[in-house]
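Here are the chains, one letter per residue:
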Amino acid sequence: MKNKNSKHSPLDSPTNRSFGLTVGGIFLLIETYRFWQSNIVDIAGVILLTVSLPLLTLGVLYPRILTPLNRGWMKLGLILHKIVNPVVMLLLYVVTICTTGLAMRAFGKDPLNLKFDKDAKTYWIARSPKGPSPETMKNQF
């Protein structure tokens, strides 16, 4: 499952046994919680039990049967990653970077001193205290 343009190593999918036990266990826990809250088993509960019990059983007894399901689950995860990751990154950018920039503009802040000053002779900022001498920069590598 390696992208031909990716520099990363291919993803290792979990073992079929751990896939069956994990997914089946999570579905069983969800249904157990639902039953604990309502004391009834509805259609969704029957579906969760119908999926979880075979996954748990096959995960323990014959995990090799779960290979196609494991691969499909990994492909679904990669597809969701390609969709969800850009959306989350866009939301983080808009919520944090853009709103911070707009707020700083609204309050007149300019932390990088980017405004043009036609009266300034130079934009050079003198360092205080003085930095290291130029001789210390020889043979850096």
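Going by the structure above, here's the rest.
Presented here is an overview of the structure given in this document. Keep in mind it's a predicted model, so treat the numbers as computed, not measured. (Residues numbered from 1 in each chain as written. Predicted model: local features only at pLDDT ≥ 70, side-chain atom pairs only at ≥ 80, totals over all residues. Heavy atoms only, no water.)

Since the α-helix advances by 3.6 residues per turn, residues separated by three or four positions end up pointing in the same direction. Taking 1.5 Å of rise per residue, the 23 residues of helix α1 (residues 16–38) would be expected to cover 33 Å, and the 33 Å separating its terminal C-alpha atoms lies within 8% of that figure. Within α1 the residues assigned to the buried category are N16, F19, G20, V23, G24, G25 and E31. Where α1 is buried, its residues meet α2 (43–61) and α3 (67–106). Residue N39 follows α1 closely and has a positive phi angle near 60 degrees. (Helix = DSSP H or I, 4+ residues; strand = E, 2+ residues; numbered from the N terminus. Expected span 1.5 Å × (residues − 1). Buried < 20%, exposed > 50% of the residue type's maximum accessible area, 1.4 Å probe, protein only. Contact = heavy atoms within 4.5 Å.)

Below, the discussion takes up the side chain of N70. Positionally, N70 belongs in helix α3. When residues no more than four places from it in sequence are discounted, the contact partners of N70 are S13, P14, T15, N16 and F19.

The contact between α1 and α3 brings their axes to 9 Å, and the two run at 70 degrees. Of the possible angle classes, the one that applies to α1 and α3 is roughly perpendicular. The segment α1 lies against α3, with N16, F19 and V23 engaging T67, L69, N70 and W73. Residue composition of the contact of α1 with α3, by class: four nonpolar, three polar and no charged. (Axes fitted to C-alpha atoms, helices over the stretch in contact; angles between N-to-C directions. Parallel < 35°, antiparallel > 145°, perpendicular 65-115°, else oblique. Nonpolar A, V, L, I, M, F, W, Y, C, P; charged D, E, K, R; others polar.)

Scope: geometric values only; no functional claims are made or implied.
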